[in-house]
Amino acid sequence: MAAIPLFPLHTVLYPDGYLPLQVFEVRYLDMVKRCIEHKEDFGVVALAQGEEVRKPEQHETLCAVGTMAHIEEWKALMPGLMHIRCKGGHRFRIVAAEQLKHGLWMAEVALIDDDMAVPIPADQQDVADSLGVLIQTLQERGIPLEQMPMQTPYRLAEAGWVANRWCELLRLSLAQKQLLLAQENPVLRLELVQDVMVEHGLLN
């Protein structure tokens, strides 16, 4: 079990997903600088209650499951403003969390096992095929690799990877995204994504 700094957001980061962030609050600027200096990751967790920017008397409630974020690129745009680009790593479950005086959350977390590389079941192949078509369409439009909504390698034969990419792309509520993140069976996560896509007319 490890203690990590947290960055609560109104979004859900999935393993192998990427997250660009503008960092300007002192609590997060200090955290990011420490992470870069010590080559450490931080945790991204969704806010069940509260705002991303700290306000007086605000109460923040954190969701129970989050994802480690690895800083891949960073740029100091000006004093007090940084742009970072993060990639999602291991998922974790919060065991205990505490907000420090200056507002930064620290948490004891237990890591969740990575998805096993489970092949796409025949009944869900249409979900993977649709993602493959989307990737090909974006490539044909000349979208630069760094602007693609999903990053290489494209693991279109793995249930967990395909499910996670659709979780990022689909218009889901924060609660739905959180439930899918916490689902530890990648095939079941893919089935749930398929149900949503059928419901929205995205699959036949």
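Everything here concerns the structure above.
In short, a report on the structure. (Residues numbered from 1 in each chain as written. Predicted model: local features only at pLDDT ≥ 70, side-chain atom pairs only at ≥ 80, totals over all residues. Heavy atoms only, no water.)

Observations concerning the pairing of strand S6 (residues 105–112)
Sheet topology places strand S5 (residues 81–99) next to S6; 8 bridges connect them, and they run antiparallel. Bridge pairing links Glu-98 to Met-106 in S6. Counting the residues between successive antiparallel strands, the hairpin from S5 to S6 contains 5 residues, one of them, Gly-103, with a positive phi of roughly 105°. (Pairing = 2+ DSSP bridges. Helix = DSSP H or I, 4+ residues; strand = E, 2+ residues; numbered from the N terminus.)

Focus: the nonpolar core
Membership of the largest hydrophobic core comes to 41 residues, with the highest contact counts inside it found for Leu-6, Ile-94, Val-127, Val-162, Trp-166 and Val-193. By residue number, the principal contributor to this core is helix H3 (residues 159–169), which donates 6 residues. Beyond its immediate chain neighbours, meaning those up to four positions away, Leu-6 contacts Tyr-28, Met-31, Gly-43, Val-45, Leu-62, Phe-92, Ile-94, Leu-104, Trp-105 and Ala-107. Among the nonpolar cores identified, the runner-up in size contains 19 residues, and Leu-29, Cys-35, Met-82 and Cys-86 belong to it. (Core = buried A, V, L, I, M, F, W, Y, C linked by side-chain atoms within 4.5 Å. Buried < 20%, exposed > 50% of the residue type's maximum accessible area, 1.4 Å probe, protein only. Contact = heavy atoms within 4.5 Å.)

Observations regarding the packing of H3 against helix H5 (residues 186–199)
As a packed pair, H3 and H5 sit with axes 8 Å apart at the nearest point and diverge in direction by 40°. Viewed along their axes, H3 and H5 adopt a mutual orientation that is oblique. Pair H3 / H5 crosses with left-handed handedness. Contacts from Ala-159, Gly-160, Val-162, Ala-163, Asn-164, Trp-166 and Cys-167 in H3 reach Pro-186, Val-187, Arg-189, Leu-190, Val-193 and Met-197 in H5. Within the contact of H3 with H5, the residues separate by chemical class into 10 nonpolar, 2 polar and 1 charged. (Axes fitted to C-alpha atoms, helices over the stretch in contact; angles between N-to-C directions. Parallel < 35°, antiparallel > 145°, perpendicular 65-115°, else oblique. Left-handed = near helix turned anticlockwise from the far one by under 90°. Nonpolar A, V, L, I, M, F, W, Y, C, P; charged D, E, K, R; others polar.)

Quick notes on empty space enclosed by the protein
Applying the stated criterion across every chain, the model contains 1 cavity of 30 Å³ or more. Around the largest cavity, the lining residues are Asp-16, Lys-87, Gln-151, Thr-152, Pro-153, Arg-155 and Trp-161. (1 Å grid on protein atoms, 1.4 Å probe; cavity = no way out; pocket = protein on both sides within 12 Å on 5 of 7 lines; lining within 4 Å. Points joined across faces, edges and corners; volume = space filled by probe spheres on them.)

Brief notes about helix H4 (residues 174–182)
For H4, every residue scored as buried is listed here: Lys-177, Gln-178, Leu-180 and Leu-181. Buried residues of H4, viewed axially, fall in a sector of 165°; they line one side. For H4, the exposed residues set more than 90 degrees away from the buried face come down to Ala-175 and Leu-179. Structurally, H4 contributes buried residues whose contacts are with strand S3 (42–49), strand S4 (61–78), S5, H3 and H5. (Arc of directions from axis to C-beta.)

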